[in-house]
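Notes for the structure review
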Amino acid sequence: MNSVPSANCLSSAIDLTVVYAEANEKLGDLLFETEIYDKALEYYLNAMSIYTKELSCEHYKTMAVYPKLADTYNGLGENEKAKSVEIDHLLLMEKVLGGDYSFSVNIYYALAEVYFEKKEYTTAYDYYRKTIDVYERLGGNPYCIINSYNKLGNIYLWNNDNAQAMELYNCALALIEDKVGKDCIAKAEALINKAKIYYSIGDYENTLKYSHSALDIAISELGNENPAVAEYYAKVGDLYLKLREDRKALDYFKKALILKEEEGSDKELLESLYDYMACTHFCLKEYLQALYYYEKFLETAEQRVPKDDGMFVDLYVRMSLTCANMGELEDALDYCYKSLNILKNKKLEVHPDIFEHCGDVLYNLNRQTEALDYWNKALNAGGNKERLNEKIKNGL
């Protein structure tokens, strides 16, 4: 007759399986340290699977693997998977706690940050609000609350609610004064965003005052050569560009670009800086330099997104305008066609200005019949009737 395994035998079997899981986790750690991320991922997933089966998904050993998985996915360049793992981990921590504690501030804030990075702003908003609510009732990490005020302010700012955004930035500054008592990066963030609001209401004196204060704090806190300061140089440059002080804008964009090119990460900010440089040179009618930076923007962006992505529509149009101003009409037409091809393939509506510009280039190439066709397309798409009718009349 077969005997039933004793509780001690089952316990020993589980212990051995857990030891095997621990070995997998340690192998994952070694492989991660040597940057062999694909193999590290395999061992971490093995460890998590065993821990979950033998111990439970809420056991501390299982939960300790989540951050390692997220870091490994980031190492593999699979950032969206990394964020999903981070969310799973944080939601599990929220469930395990089963209620609000002062430590919940950190969890809610971390969830808000991940959703913010994923551009899921509605969910991020809810967690930032939870972060503030728990802090006000139970206390916690003040830096989480300061940053929550700043991020909530950004969400309101993007939705053109300047009054609510200003109130939140002021809440951040007041909490810094009360709990931190000195300058910090969160203060620089609040100040630079207040500068944006002052710009939007036409208060240019305060625009420059607050933007320079923010930059001074960032340099003081991080050091003049820290790549993170590049973002503040770029924001000050952007404000000068909006104020039509193009040379000053260019100086700040150059400083930002030097820092970001040396570092090489954050491709999106690098693209933005190339775009800023190109736009500023274009405004200064320095078309050769403008085209150089548009080409840098294109080269960098093509490494990050598909070549038929909608973001290239506007870029190709601007490159076409730049070439046209340089007298490079064939290149101008080529970029214009590239823009139109993306819109056609994606079955998107074409802005009348693109049709009109294409017509202008064709006309200057002495291809009047084709030019008339594009001007008529612009007219039918809702373009400027007076201007287009004049072009059509003169082109006949």
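Here's a quick rundown of the structure. Here the structure is a predicted model, which means the values were calculated and not measured. (Residues numbered from 1 in each chain as written. Predicted model: local features only at pLDDT ≥ 70, side-chain atom pairs only at ≥ 80, totals over all residues. Heavy atoms only, no water.)

**Side note on the overall build of the protein chain**
To be explicit about the condition: Comment: elements are numbered from the N terminus, with helices defined as DSSP H or I runs of at least four residues and strands as E runs of at least two. When a residue's accessible area, from a 1.4 Å probe over protein chains only, is under 20% of the maximum for its type it is buried; when over 50% it is exposed; and in between it is partly exposed. Between two residues, a contact is recorded if the distance between any of their heavy atoms is within 4.5 Å. The accessible surface values rely on the Shrake-Rupley method and a 1.4 Å probe; as for residues, cover is taken only from the protein chains in view.
Counting its secondary structure elements, the protein chain contains 19 helices and zero strands. With the C-alpha coordinates of the protein chain rotated into their principal frame, the extents come out at 100 × 60 × 40 Å. For the protein chain, with 396 residues in total, the buried portion stands at 43%. For the protein chain, contacts bridging at least 24 residues in sequence account for 52% of all contacts bridging at least 6. Surface exposure of the protein chain reaches about 20,800 Å², of which carbon and sulfur atoms provide 50%.

**Structural notes on the nonpolar core**
Let me state the cut-off plainly: Within this scheme, the nonpolar core is defined by two criteria: the residues are buried Ala, Val, Leu, Ile, Met, Phe, Trp, Tyr or Cys, and they are joined through side-chain atoms within 4.5 Å.
Ranked by size, the top nonpolar core spans 125 residues in total, and within it Leu 69, Ile 145, Phe 312, Met 319 and Ile 354 carry the most contacts. Those residues within four positions of Ile 145 in sequence are excluded, and the remaining contacts are Val 105, Thr 131, Ile 132, Tyr 135 and Leu 175.

**Side note on helix α11 (residues 230-242)**
Just so we agree on the cut-off: Helix span, expected: 1.5 Å multiplied by one less than the number of residues in the helix.
With 13 residues, α11 extends 18 Å from end C-alpha to end C-alpha; this agrees with the ideal 18 Å at 1.5 Å per step. Among the 13 residues that make up α11, eleven are buried, leaving the element largely enclosed by the rest of the structure. Regarding α11, the residues found buried are Ala 230, Tyr 232, Tyr 233, Ala 234, Lys 235, Val 236, Gly 237, Asp 238, Leu 239, Tyr 240 and Leu 241. Here the buried face of α11 lies against α9 (185-200), α10 (204-222), α12 (246-263) and α13 (267-283).

**Some details on the packing of α11 against α13**
Just so we agree on the cut-off: To get an axis, a line is fitted to the C-alpha atoms, and for a helix only the part in contact is used. The angle between two axes follows their N-to-C directions and goes from 0 to 180 degrees. For classification purposes, angles smaller than 35 degrees are called roughly parallel, those larger than 145 roughly antiparallel, those between 65 and 115 roughly perpendicular, and all remaining angles oblique. When the near helix sits turned anticlockwise from the far one by under a right angle, the crossing is termed left-handed; a clockwise turn instead gives a right-handed crossing. Lys, Arg, Asp and Glu make up the charged group, whereas Ala, Val, Leu, Ile, Met, Phe, Trp, Tyr, Cys and Pro make up the nonpolar group; the residues left over, Gly among them, are polar.
Packing of α11 against α13 brings their axes to within 11 Å, and their N-to-C directions diverge by 30°. On the basis of the axis angle, α11 is roughly parallel to α13. Crossing angle aside, the handedness with which α11 passes α13 is left-handed. Where α11 abuts α13, its residues Glu 231, Ala 234, Asp 238 and Leu 241 lie against Leu 269, Leu 273, Tyr 276 and Thr 280. The residue makeup of the contact of α11 with α13, split by class, is five nonpolar, one polar and two charged.

**Focus: the packing of aromatic side chains**
What counts here: For Phe, Tyr and Trp, rings pair up if their centres lie within 6.5 Å, where Trp contributes its six-membered ring, and each pair is then called stacked (planes under 30 degrees apart), edge-to-face (over 60) or tilted (otherwise).
One pass over the full model with this rule turns up 21 aromatic pairs. Here Phe 116 and Tyr 121 contribute two aromatic rings whose centre-to-centre distance is 5.2 Å and whose plane-to-plane angle is 70°, an arrangement assigned as edge-to-face. The class for Tyr 121 is partly exposed, based on a relative accessible area of 27%. Ring geometry for Phe 355 and Tyr 374: centres 6.2 Å apart, planes at 45°, overall tilted. Of the two residues, Phe 355 sits in helix α17 (residues 352-364) while Tyr 374 sits in helix α18 (residues 368-380), which places them 19 residues apart along the sequence.

**A closer look at helix α4 (residues 79-97)**
The terminal C-alpha atoms of α4, which comprises 19 residues, lie 27 Å apart, in line with the 27 Å expected from a rise of 1.5 Å per residue. Buried within α4 are the following residues: Ala 82, Lys 83, Val 85, Ile 87, His 89, Leu 90, Leu 92, Met 93 and Glu 94. The elements touched by buried residues of α4 are α3 (60-75), α5 (104-117) and α6 (121-138).

**A few points about the environment of Pro 227**
When you line up the elements, Pro 227 lands in the loop between α10 and α11. Sequence spacing of Pro 227 and Glu 261 is 34 residues, and the spatial spacing of their C-alpha atoms is 9.0 Å. Setting aside anything within four residues of it in sequence, one finds Pro 227 in contact with Leu 259, Lys 260 and Glu 263.

**What about the pattern of salt bridges?**
Note that side chains of opposite charge can pair when their charged atoms are close. The condition is simple: Each salt bridge in this description consists of a side-chain nitrogen of Lys or Arg and a carboxyl oxygen of Asp or Glu lying within 4 Å of one another.
Using the criterion set out here, one finds 27 salt bridges in the structure. With a shortest N-O distance of 3.3 Å, Glu 80 and Lys 118 are connected by a salt bridge. Of this pair, Glu 80 sits in helix α4 while Lys 118 sits in the loop between α5 and α6, and the two are 38 residues apart along the sequence. Two residues, Arg 304 and Glu 268, come together in a salt bridge whose shortest N-O distance is 3.9 Å. Of this pair, Arg 304 sits in the loop between α14 (287-302) and α15 (311-326) while Glu 268 sits in helix α13, placing them 36 residues apart in sequence. We classify Arg 304 as partly exposed; its relative accessible area is 35%. Given the relative accessible area of 44%, Glu 268 is considered partly exposed. A single salt-bridge network, built from bridges that share partners, covers Glu 80, Lys 83, Lys 118 and Glu 120.

**Observations regarding the environment of Lys 254**
Its place among the elements puts Lys 254 in helix α12. Along the chain, Lys 254 and Ala 230 lie 24 residues apart, while their C-alpha atoms are 9.4 Å from each other.

**Focus: the environment of Lys 346**
Here Lys 346 lies in the loop between α16 (329-345) and α17. Along the primary structure Lys 346 and Asp 308 are separated by 38 residues, whereas in three dimensions their C-alpha atoms are 8.5 Å apart.

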